[in-house]
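# Fold and geometry: a report
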Amino acid sequence: MKSQTVINTFVEKTGAYVAAQLEACTRCGMCAEACHFYQSSGNPEFAPVWKIELLRRAYEQRFTPVGKFKVAFKLDKPVTDEDIAHWSFIDYQACTMCNKCSMVCPMGINLGPLIHTVREGLSDAQAVPADLKAAVNKQEEIGSPLGVTDDVFDSRIEWVADEWEIEMPMDVKGADTLVVFSSIEIMKFPNNLAAIAKILNAAGEKWTLSKKGREVVNFGFYEGNDKLTKEFMNRVFSAAKELGVKKIVVTECGHAYDALRWTSANLMDVPEIEITHIAGLLGEYVKSGRIKLKPGALDGNGTITFHDACKIQRRGSHIQEPRDILNILAPKSFREMTPNKEESICCSGGGGVIAIKEADPIRYASFELKIDQVNKVGAKTVAMACSNCRLQFTDCVQHFNLDWKVAGLSQLVADALVE
Amino acid sequence: MNWESTLEFARGPFFQVALLVFIAGMTYRLVAVLALGWKADKVKSKGSKVNGIAMSFAKGILIWPFIPWVKNTFTRNPITYLAGGLFHLGLFVVIFLGAAHVLVWKSLLGFAWFSLPQPIVDWLAAGAIVAMIALFINRLVNPVLKLLTGPAEWLNWLVVFLPMVSGYAMTHHVIPEYDTLFAIHMLTVDVLLIWIPLSRISHFMFYFFSKAIHGSDFGKRAVTP
């Protein structure tokens, strides 16, 4: 029975970390007001607190005398398979795990990680939306959810190197830095690959790509599948170890950064290698003068704004670097949206949501909050440091027929390099 | 029924039992949660967890009640913010700084502290009661709260509301029979004390955990919580 599997997983995952937070919840409903999916739909079931309702019920019934009493006297409903299907819908399709809700919770409950635990249970019960599961399987089998096989990788990298006339070092032993792209960039935004290569070369970085560790995206992490999450991260770590690098750079991908930088050490043994995000590296280069940018290079083309990604800014802290860069590139035309930085509104496409076709109406509806935000500052260009956000923006620009230019931060930096 | 003896019972043996249940119950709740085990965080911090925790509490306790618009969500659900804040403020002031309660603390602990002038306490108590009513209505109206509210939430509300109203009625001599009101107040307080460990009213204890977890998670990542 699916419900039993889910409960077993929850019980296994419930430590004091989970329990103390569930016990702290007063069911005040404030988190709903922070959720873009609730805001855009008005569906109370999209309230973050409701997304962890299964976990709470399982915890209460298994671990608390009150819960046991309620079950004994049939005051509480047992979790059924229909419940599992329903929560699979709200936890996978109406949540990007952006964790904005935790910022408004008066009790400070970290709802994002708790929803991840719910996904772990749903994953064990095989209650993952078919589209997402297909992408996960694809990554398991061929190494990428977007069909980047070894051959495709080789030919794409070769093509980028030719097209942009740029050096793309591959499997260089003894390099300092391993750069791992996401297949979103490889397949959809190849200009980002060229841009990042150009910047690293200009900064004199001894870097390399790896055939083995060629995919930073972690769809296992989206699913909440621990085993695959580890396996996908291990591909990157073992490549890094073999090449003997000192640093792993995650390119413009958010969830991957959360998994690799902020989660991996708690799931597995990880090598002593620094992990950083390209946004942080760019900031460092600019600050130390390793690369020089043309001041005002982006001025004169209308207002430019920056979209903060949940995993790179709110949960990754690379908040200041993009702003330092944009203040050089567009001192006159850079404007902030409100709310911004760690309180930014999510793009609505992360957490695997964009991979699920069924979730399209929810995803588009929620993006309208972003449209309002961008239109309020009258931006013509929206910059961001996350390819998943960028995919969502690009898709929505088409869907809503918007006249914005959507740009990756690396691409803007590369275009403004003083050579 | 003889109210005088009821009062003696409610403020005597029943109160002592209730207090004992409260302390034992809360200790059990705490131990039960901690016994589930805490995994060490092996991820290398970028910022300081301690700073994050400090900021998390500062925002929660110091900043939030005074500058509600710190959070953008304030405008979307002002009742929960204002009534929730006013209720907690009133409750704490009455319990810890009301003259009558300071005497209770003195007899319980052997020492006590200053109390606030009666009119201030009185207005805050009235404010807390009004806030409770607002929160009640909010739970009936707000779509999310409607979904979240079940018998447990209503019971919690009632168990907290009764001692507040009876205490307020007592200080204002709503009816001449002071002992009757006092007895009702003490009975409802006893029920509350016993009810707390069985319910979500115990959140005041876990607040310190969740706020610390939140602060350390953000601090570790060098993001303002």
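Residues numbered from 1 in each chain as written. Chains lettered and ligands numbered in written order. Predicted model: local features only at pLDDT ≥ 70, side-chain atom pairs only at ≥ 80, totals over all residues.

### Remarks on the overall build of chain A
Scanning chain A from N- to C-terminus turns up 23 helices and seven strands. In terms of its C-alpha atoms, chain A occupies a principal-axis envelope of roughly 75 × 50 × 35 Å. Within chain A, residue pairs in contact and separated by at least 24 positions form 81% of the contacts whose partners lie at least 6 positions apart. (Helix = DSSP H or I, 4+ residues; strand = E, 2+ residues; numbered from the N terminus. Contact = placed C-beta atoms within 7 Å.)

### Section: the overall build of chain B
Broken down by element type, chain B carries ten helices and zero strands. In sequence order, chain B lays out its α and β elements as α-α-α-α-α-α-α-α-α-α. Structurally, chain B occupies a C-alpha span of about 65 × 40 × 40 Å along its principal axes. Considering only contacts in chain B between residues 6 or more positions apart, those separated by 24 or more positions represent 74%.

### Digging into the interface of chain B and chain A
Taken together, the contact pairs 44 residues of chain B with 42 residues of chain A. It is helix α10 (residues 203–220) of chain B that contributes the most residues to the side of chain B that touches chain A, ten residues altogether. Class assignment of the residues belonging to the side of chain B that touches chain A gives a composition of 18 nonpolar, 15 polar and eleven charged. (Nonpolar A, V, L, I, M, F, W, Y, C, P; charged D, E, K, R; others polar.)

### Let's talk about the packing of helix α6 (residues 118–141) of chain B against helix α8 (residues 151–171) of chain B
Residue and element names in this part refer to chain B. Packing of α6 against α8 brings their axes to within 10 Å, and their N-to-C directions diverge by 155 degrees. Relative to α8, the element α6 is oriented roughly antiparallel. Remark: the crossing between α6 and α8 carries left-handed chirality. Along its contact with α6, which presents Asp122, Ala125, Ala126, Ala128, Ile129, Met132, Phe136 and Arg139, the element α8 presents Glu153, Trp157, Phe161, Met164, Val165, Tyr168 and Thr171. A class-by-class count of the residues in the contact of α6 with α8 yields eleven nonpolar, one polar and three charged. (Axes fitted to C-alpha atoms, helices over the stretch in contact; angles between N-to-C directions. Parallel < 35°, antiparallel > 145°, perpendicular 65-115°, else oblique. Left-handed = near helix turned anticlockwise from the far one by under 90°.)

### A closer look at helix α22 (residues 387–399) of chain A
Residues and elements named next belong to chain A. Helix length check: α22, at 13 residues, gives a terminal C-alpha distance of 18 Å against a target of 18 Å (1.5 Å per residue), a fit within 8%. For α22, every residue scored as buried is listed here: Ser387, Asn388, Cys389, Arg390, Leu391, Gln392, Phe393 and Cys396. Phi turns positive, to about 60 degrees, at Asn401, one or two residues after α22. (Expected span 1.5 Å × (residues − 1). Buried ≥ 20, exposed ≤ 12 C-beta atoms within 10 Å, placed from the backbone.)

### Some remarks on the nonpolar core
Within the largest apolar cluster, 154 residues are counted, with the highest numbers of intra-cluster contacts made by Cys31, Val250, Leu282 and Met384 of chain A. Element by element, the count of residues in this core is highest for helix α15 (residues 226–243) of chain A, at eight residues. Once residues lying within four places of it in the same chain are set aside, the contact partners of Val250 of chain A are Val180, Val216, Ala256, Tyr257, Leu260, Ile275, His277 and Ile278 of chain A. Counting residues in hydrophobic clusters, the runner-up holds 29 residues, among them Ala10, Val94, Met170 and Trp195 of chain B. (Core = buried A, V, L, I, M, F, W, Y, C linked by C-beta atoms within 7 Å.)

### Comments concerning the environment of Phe46 of chain A
All names here are of chain A. Note that Phe46 resides in the loop between α3 (36–41) and α4 (48–51). Judged by local crowding, Phe46 falls into the buried class, with 23 C-beta atoms found within 10 Å. Sequence separation between Phe46 and His277 is 231 residues; the distance between their C-alpha atoms is 31 Å. Excluding residues that lie within four positions of it along the chain, Phe46 makes contacts with Cys35, Phe37, Tyr38, Ser41, Ile90 and Ala94.

### Topic: the sheet that holds strand β5 (residues 303–307) of chain A
By definition, the strands of a sheet pair up through backbone hydrogen bonds, in either a parallel or an antiparallel sense. All names here are of chain A. In space, the three strands of this open sheet follow the order β5-β6-β7, with parallel pairing throughout. The sheet terminates laterally at β5 and β7 (405–408), the two strands that pair on one side only. Direction aside, neighbouring strands of the sheet carry axes that sit 30 degrees apart on average. Direction of pairing for strand β6 (residues 379–384) relative to β7: parallel, over a ladder of four bridges. When the sheet's bridge partners are listed, Ala383 is paired in β7 with Ala407. (Pairing = 2+ DSSP bridges.)

### What to know about the environment of Thr80 of chain B
Within the secondary structure layout, Thr80 of chain B lies in helix α4 (residues 78–97). Take Thr80 of chain B: there are 23 C-beta atoms within 10 Å of it, and that puts it in the buried class. Along the backbone, Thr80 of chain B and Asn142 of chain B are 62 residues apart, and their C-alpha atoms lie at a distance of 10.0 Å. Each residue touching Thr80 of chain B, except ones within four places of it in the same chain, is listed here: Cys28, Gly29 and Met30 of chain A together with Asn138 of chain B.

### What to know about the confidence of the model for chain B
Parts of the model with low pLDDT should not have their predicted coordinates read in detail. All names here are of chain B. For chain B, per-residue confidence averages 93 on the pLDDT scale, and 95% of positions sit at 70 or higher. Of all secondary-structure elements in chain B, the lowest mean pLDDT belongs to helix α3 (residues 49–63), at 88, while helix α2 (residues 13–34) reaches the highest, 97. The complex model carries a pTM of 0.95, and its ipTM stands at 0.94. (pLDDT = per-residue confidence, 0-100.)

### A short note on the pairing of strand β1 (residues 177–180) of chain A
Sheet faces and side chains relate simply in a regular strand, where the side chains alternate between the two faces. Residues and elements named next belong to chain A. Alternating positions in β1 separate into two faces, Thr177 and Val179 on one and Leu178 and Val180 on the other, with burial throughout. The sheet contact formed by β1 and strand β2 (residues 207–208) spans two bridges and is parallel. Opposite Thr177, over in β2, you have Trp207 as the bridge partner. Strand direction decides the pairing type here: β1 and strand β3 (residues 247–250), joined by four bridges, are parallel. Looking at β3, one finds that Leu178 is bridged to Ile248.

### What to know about α10 of chain B
With 18 residues, α10 of chain B ought to run about 26 Å at 1.5 Å a step, and its terminal C-alpha atoms sit 25 Å apart, in line with that. Taken from the residues just after α10 of chain B, Ala222 of chain B is the one with a positive phi, measuring 60 degrees.

### Brief notes about the domain arrangement of chain A
All names here are of chain A. Parsing chain A into structural domains produces domain 1 (2–127), domain 2 (131–286) and domain 3 (291–415). Placing the centre of domain 1 and that of domain 3 at their C-alpha centroids yields a distance of 30 Å. Across the contact, 15 residues belong to domain 1 and 20 residues belong to domain 3. Secondary structure elements with two or more residues in the side of domain 1 that touches domain 3: α3 and α7 (81–93). For the side of domain 1 that touches domain 3, the leading source of residues is α3, giving five residues. (Domains from an automatic or database assignment.)

### Looking at the environment of Pro113 of chain A
Residue and element names in this part refer to chain A. Within the element layout of this structure, Pro113 appears in helix α9 (residues 111–124). For Pro113, a count of 18 C-beta atoms within 10 Å translates into the label partly exposed. Along the sequence, Pro113 and Ser88 sit 25 residues apart, while their C-alpha atoms lie 16 Å from each other.

### Considerations on unusual backbone geometry
The phi angle of most residues is negative, glycine excepted, and most peptide bonds adopt the trans form. Residue and element names in this part refer to chain A. Between Thr338 and the following residue, Pro339, the backbone shows a cis peptide bond with an omega angle of -10 degrees. Checked against the element boundaries, Pro339 lands in the loop between α20 (320–329) and α21 (360–377). A positive phi angle is found at Lys74, which is not glycine, with a value near 55 degrees. For Lys74, the location among the structural elements is in the loop between α6 (65–72) and α7. The exposed category is assigned to Lys74, around which 8 C-beta atoms lie within 10 Å. The phi dihedral of Ser317 falls on the positive side, at around 70 degrees, and the residue is not glycine. Position of Ser317 among the secondary structure elements: in the loop between α19 (310–314) and α20.

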